[in-house]
Amino acid sequence: MGDPAGGASEKSLAEQIFELERKYLVQNYARLPVVLERGRGCYVYDVSGKRYLDLITGIGVNALGHAHPRILKVIKDQAGKLIHSSNLYYHPFQGPLAKRLAELSGLERCFFCNSGAEAMEAGLKMIRAHGSRLSPEKFEIVSLDNSFHGRTLGAISVTGQPKYRKDFEPLLAGVRFVPPNDIGALEQAVSDRTAGILLEGIQGEGGVRLIDAAFVRQARELADRFNALLLFDEIQCGVGRTGKFFSYQLLDPPPLPDIVTVAKPLACGLPFGAVIANEKAASTLPPGLHGSTFGGGALSCRVALEFLDILHELLPSIPRISGYFRIRLEDLARHYAFVKEIRCYGLMIGIELAIPCKSLVEDALSRGLLINCTQERVIRLLPPYILTEADIDRAIDILDKVFRKGREIFVESGLADELIRH
Ligand SMILES: *Cc1c(COP(=O)(O)O)cnc(C)c1O
């Protein structure tokens, strides 16, 4: 109808974008049908102007929500001065950031990179280099079933979920998996051949599951006994998420790892990751053995420093807001028999259902709430640290409507009858 763009204007902007991606992107993501355009605080807006309460925050990345004024100010200022200079030279922010992370973690030295998987790669190289110095036989790594450590070949080699690994085998040799919290299995797996032990204090992608204090302590003790490096993957559960800077600090006294990996929220949405290590682990990587062109750029480091300042002020409020969220979720769950368990560790929340949660996530989206599903039946929430009680009330109202739909699915599936019979 006289349209110079050849009919393109008949399609909505969102439809045009879906079509381009279908045609030109590797089809490795199953996206939800929404095109997000901007965000402010705990909310994001799509291209049609519809508003969503964001309780997944780019998978635990936008810890200060969107367009936080202090982060924006620092980004604007630093972008005008120096974004990147490589690791051929010094800039003013890597040193101070490394000092802060060392002090906060109880460890000594940092290496900066651009993502969680890259932090894991650096940690794995430390573990392998540590082992190879002691003996050619010392290359084994003990990791946990149901874990998630990223998507690179090294990271999937230590990820204890066959679905992420099977198409890429053979992977790194010498990785042993043990069931989480099975101390006997851990003792069986660790030996003189073990170079490193890996764990997430709270398994995130694995369904928001806490690792027992006794298991963590035994891992520390075995790592000491067999001279292996203990690595805590704090990429999802660390950097304030649980109300402590690192999840191992929830334990009293906190066990100290040799290596900590962090990423997701560290630079408020800029791609950034870090390995924090003690001297023993750090000394395995002398000049030439590892590096990153982008890692530790001035912009990312300065934003991370600003974030840590803000986090210092926010951290004490996280247990309170988490407690309120937990109470409201538990009240809600009482009305829905298909909610099996609520696991709430600071602002890392899993709601385990007896039914698949995919359609509930889609229903929540249509009602203006961004949530996520992991392990098929666990709704995962990684809300921003700036969340308020009013935001939680709104989320609960929407979840109540979403769960009514869940109840229908539950009844139709016959699972409800089964539950009554047992
Ligand atoms: C997300 C995640 C990773 C991988 O981080 P990427 O930035 O996606 O590479 C590794 N470990 C854990 C625990 C994670 O949650």
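Keep in mind it's a predicted model, so treat the numbers as computed, not measured.

Novice: Looking at this model, I keep getting lost on the state of the cysteines. Mind explaining?
Specialist: Note on terminology: disulfide describes a covalent bond linking the sulfur atoms of two cysteines. Taken as a whole, this structure holds 1 disulfide when the rule is applied. C113 takes part in no disulfide bond, and the closest cysteine sulfur to it belongs to C110, at a distance of 10 Å. The structure places no disulfide on C344, whose sulfur is separated from the nearest cysteine sulfur, that of C237, by 14 Å.

Novice: What am I meant to see in the site of the ligand here?
Specialist: Close to the ligand lie S115, G116, A117, F148, H149, G150, E200, D233, I235, Q236 and K264. A117 has a polar backbone atom sitting 2.7 Å from an oxygen atom of the ligand. The contact in question runs from a nitrogen atom of the ligand to an N or O atom on the backbone of F148, over 3.3 Å. In isolation the ligand exposes 380 Å². Once the protein is present, 81% of that is buried. When its residues are assigned to classes, the shell around the ligand shows 3 nonpolar, 5 polar and 3 charged.

Novice: Got a minute to help me understand the sheet that holds strand β17 (residues 378-381) in this structure?
Specialist: Within a sheet, neighbouring strands are paired by backbone hydrogen bonds and run either parallel or antiparallel to one another. Taken together, the 4 strands give an open sheet; going across it, the order is β13-β14-β17-β16, and neighbouring strands pair in antiparallel fashion. In this open sheet, the two edge strands, each paired with only one partner strand, are β13 (339-345) and β16 (372-374). Going across the sheet, the axis of each strand differs from the next one's by a mean of 25 degrees, ignoring polarity. Of the strand pairs in this sheet, β16 and β17 are connected by 3 bridges, and their pairing is antiparallel.

What counts and how
Residues numbered from 1 in each chain as written. Predicted model: local features only at pLDDT ≥ 70, side-chain atom pairs only at ≥ 80, totals over all residues. Heavy atoms only, no water. Disulfide = S-S within 2.5 Å. Near = heavy atom within 4 Å. Polar contact = N/O pair within 3.5 Å; in protein donor to acceptor, adjacent residues only side chain to side chain. Areas by Shrake-Rupley, 256 points an atom, 1.4 Å probe, with all protein chains shown as cover. Nonpolar A, V, L, I, M, F, W, Y, C, P; charged D, E, K, R; others polar. Pairing = 2+ DSSP bridges. Helix = DSSP H or I, 4+ residues; strand = E, 2+ residues; numbered from the N terminus. Axes fitted to C-alpha atoms, helices over the stretch in contact; angles between N-to-C directions.

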